Amino acid sequence: MPAEIVLGVGGGIAAYKACELLRLFTESGHRVRVVPTASALRFVGAPTWAALSGRPVADDVWSDVHEVPHVRLGQHADLVVVAPATADLLAKAAHGLADDLLTNTLLTARCPVLLAPAMHTEMWEHPATVANVATLRSRGVRVIEPAVGRLTGRDTGKGRLPDPAEIFAVARRALARGVEAEADLAGRHVVVTAGGTREPLDPVRFLGNRSSGKQGYAFARAAVARGARVTLVAANVALPDPAGVDLVRVGTTEELRDATLAAAAGADAVVMAAAPADFRPASYASGKIKKSDDGVAPAIELVTNPDIAVELGRRRRPGQVLVIFAAETDDAEANGRAKLARKGADMIVVNEVGVDKVFGADTNAATVISADGAVHRLPEQPKEALADAVWDLVRQRLPSRS
Ligand SMILES: Cc1cc2nc3c(=O)[nH]c(=O)nc-3n(C[C@H](O)[C@H](O)[C@H](O)COP(=O)(O)O)c2cc1C
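Residues numbered from 1 in each chain as written. Predicted model: local features only at pLDDT ≥ 70, side-chain atom pairs only at ≥ 80, totals over all residues. Heavy atoms only, no water.

The next thing to look at is the environment of Lys17. Looking at the secondary structure, you find Lys17 in helix H1 (residues 17-27). Residue class for Lys17 comes out buried when judged on its relative accessible area of 14%. C-alpha separation for the pair Lys17 and Val44, spaced 27 residues apart in sequence, amounts to 9.9 Å. Discounting chain neighbours no more than four positions away, the residues touching Lys17 are Arg160, Leu161 and Pro164. (Helix = DSSP H or I, 4+ residues; strand = E, 2+ residues; numbered from the N terminus. Buried < 20%, exposed > 50% of the residue type's maximum accessible area, 1.4 Å probe, protein only. Contact = heavy atoms within 4.5 Å.)

See below:
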């Protein structure tokens, strides 16, 4: 359903990315009123916002006063998104200042509010900003964690504005489900693995699998939207980084194991959606393996990789929920049930897979089998909806917090 969205833009270098976010909203049929700050207008001018949104643009409370925009915009919005939210805007919002149209709108809005901060790492980590973010979150404002990457100058670090498409994905969920209603994983730390590991044979070849990472990324996105702190361990995934996750990139099964065990040590739940290679070449050739003149193919000796699910099960801290996956080409449910029993997890998500089934697709169907014997059949649906259904089951198993 078309919504009335206020897109606030702060005076950060990433202001230009808000143009793309605006496009995503308008192309989805939403009506968007852009409210830049005076500083934002030094980065991207009012004509750009007016032309792209088809609506008037003002940064102060003194334009069109007869319409009382400083109150009306917030009151009539279905969603307020601020991207980028500067350190200055976070401070003003946390303290209830209202010296321009955007800060007035933030005080009058009663709809979901999403803030996507972007700033240098030092500003993001400053105790003042940390406290402001905590205050805003405690009031139900959804503050999306910035991404790690290139900042304004040559430096890199945490503080980059997430990809506009990822902010759009969070906003779309907030519109569909409400921000507070779905903050049921707030205060929880979850670890999600995604993608497929690759085991190098030589500098140019590897043994790998067809996992795209889409299902794991959907788990991560859904958990962020539900308020969790998410560590996403991604093996060879070529998708945009989901907004608000701590992303750890790995290549091989051993790297996946190390990163996952380290992250899982303090986690409330671990969802092992990645497809680790079960075997790896026994040796690695430092130069490219050559084709021999006699046409005889080299034999590749394989050794077994560590079983990450078993290790996670053994080291599980009390109350931690462990979800594993089984990709089966036949007898999916029976094989899944046997695997769950072997590995000591709480739940197994069983997918029936084939070359053009599940891998790389945007939808998925699965059967979730729990250690207590409960079976949930999840019909074909978008991968993020399937992730939500599994998170619902995980949440039921999480010990309540004292
Ligand atoms: C080139 C340049 C880039 C800036 N980038 C950021 C930024 O990414 N994040 C931030 O918090 N402040 C940034 N600033 C500082 C803000 O512009 C400054 O704090 C301003 O007062 C913010 O105003 P606003 O919050 O009303 O938009 C930048 C300043 C300049 C000159």
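After that view of the structure, there is still more to cover.
Right, let's get into the packing of aromatic side chains. Scanning all chains against the criterion turns up three aromatic pairs. Taking 5.6 Å as the distance between ring centres and 65° as the angle between the ring planes, the aromatic pair formed by Phe25 and Phe168 counts as edge-to-face. With Phe25 in helix H1 and Phe168 in helix H9 (residues 164-177), this pair connects stretches of sequence that are 143 residues apart. In terms of burial, Phe25 and Phe168 fall into one category: buried. Ring geometry for Phe219 versus Trp391: centroids 5.8 Å apart, planes at 75°, classification edge-to-face. Here the residue Phe219 occupies a position in helix H10 (residues 214-225), and Trp391 occupies one in helix H14 (residues 383-397), the gap between them amounting to 172 residues. With respect to burial, Phe219 and Trp391 carry one shared label: buried. Aromatic rings pair up to connect Phe219, Phe325 and Trp391 into one cluster. (Phe/Tyr/Trp six-rings, centres within 6.5 Å; stacked < 30°, edge-to-face > 60°.)

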